[in-house]
Amino acid sequence: QVQLAESGGGLVQPGGSLRLSCAASRTGGSVYAMAWYRQAPGKQREYVADISSGGTTNYADSVKGRFSISRDNTMNTVYLQMTSLKPEDTAVYYCNAGYYFLRTYRPYDYWGQGTQVTVSS
């Protein structure tokens, strides 16, 4: 069973930046496609960004141009660099391992515990 552990969340002012990390373990040597999702209070979990094993990336329209997903396969770690943060980015951010079907990211049921990001002055 793949295990994922997120870190790097915190409180930041609007316009600020944060970098989240997600360390994957028990992957059995497989290199999964990875993604970030987020869930705000009272809302459903929503897709943020994904990255293939080769580094191809995709983003939700709401974060395009502000967030950047990257990975280090040697460290089994995925990152989410968030800039120009807005109050509406406030949420618990989750890391996920998945795959692509018809060029669309599909999540496996592998989730981390989440890391809280709060954007507020």
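Reading guide: rules and limits
- Residues numbered from 1 in each chain as written.
- Predicted model: local features only at pLDDT ≥ 70, side-chain atom pairs only at ≥ 80, totals over all residues.
- Heavy atoms only, no water.
- Disulfide = S-S within 2.5 Å.
- Helix = DSSP H or I, 4+ residues; strand = E, 2+ residues; numbered from the N terminus.
- Core = buried A, V, L, I, M, F, W, Y, C linked by side-chain atoms within 4.5 Å.
- Buried < 20%, exposed > 50% of the residue type's maximum accessible area, 1.4 Å probe, protein only.
- Contact = heavy atoms within 4.5 Å.
- Patch = residues over 30% accessible without salt bridge, like charges linked within 9 Å, V, L, I, M, F, W, Y side chains within 5 Å.
- Areas by Shrake-Rupley, 256 points an atom, 1.4 Å probe, with all protein chains shown as cover.
- Salt bridge = Lys/Arg side-chain N within 4 Å of Asp/Glu carboxyl O.

Draft legend 1. Representation of the state of the cysteines in the model. A complete count under the given rule lists one disulfide for this structure. Here Cys 22 pairs with Cys 95 through a disulfide, and the sulfurs are 2.0 Å apart. An S-S torsion of about -80° defines the bridge between Cys 22 and Cys 95 as left-handed. Residue Cys 22 is found in strand E3 (residues 18–25), and its partner Cys 95 is found in strand E9 (residues 91–101); the two are separated by 73 residues along the sequence.

Draft legend 2. Spotlight on the nonpolar core. Counting 28 residues, the largest nonpolar core has Leu 4, Met 34, Trp 36, Leu 80, Met 82 and Tyr 93 as the members making the most contacts within it. Here Met 82 is in contact with Gly 16, Ser 17, Leu 18, Leu 20, Arg 66, Phe 67, Tyr 93 and Val 117, once residues within four sequence places are set aside.

Draft legend 3. Summary view of a nonpolar patch on the surface. Together, Tyr 99, Phe 101, Leu 102 and Tyr 108 make up a nonpolar patch on the protein surface, roughly 420 Å² of accessible area in all. Relative to the helices and strands, Tyr 108 is located in strand E10 (residues 104–111).

Interpretation in functional terms is not warranted from these geometric data alone.
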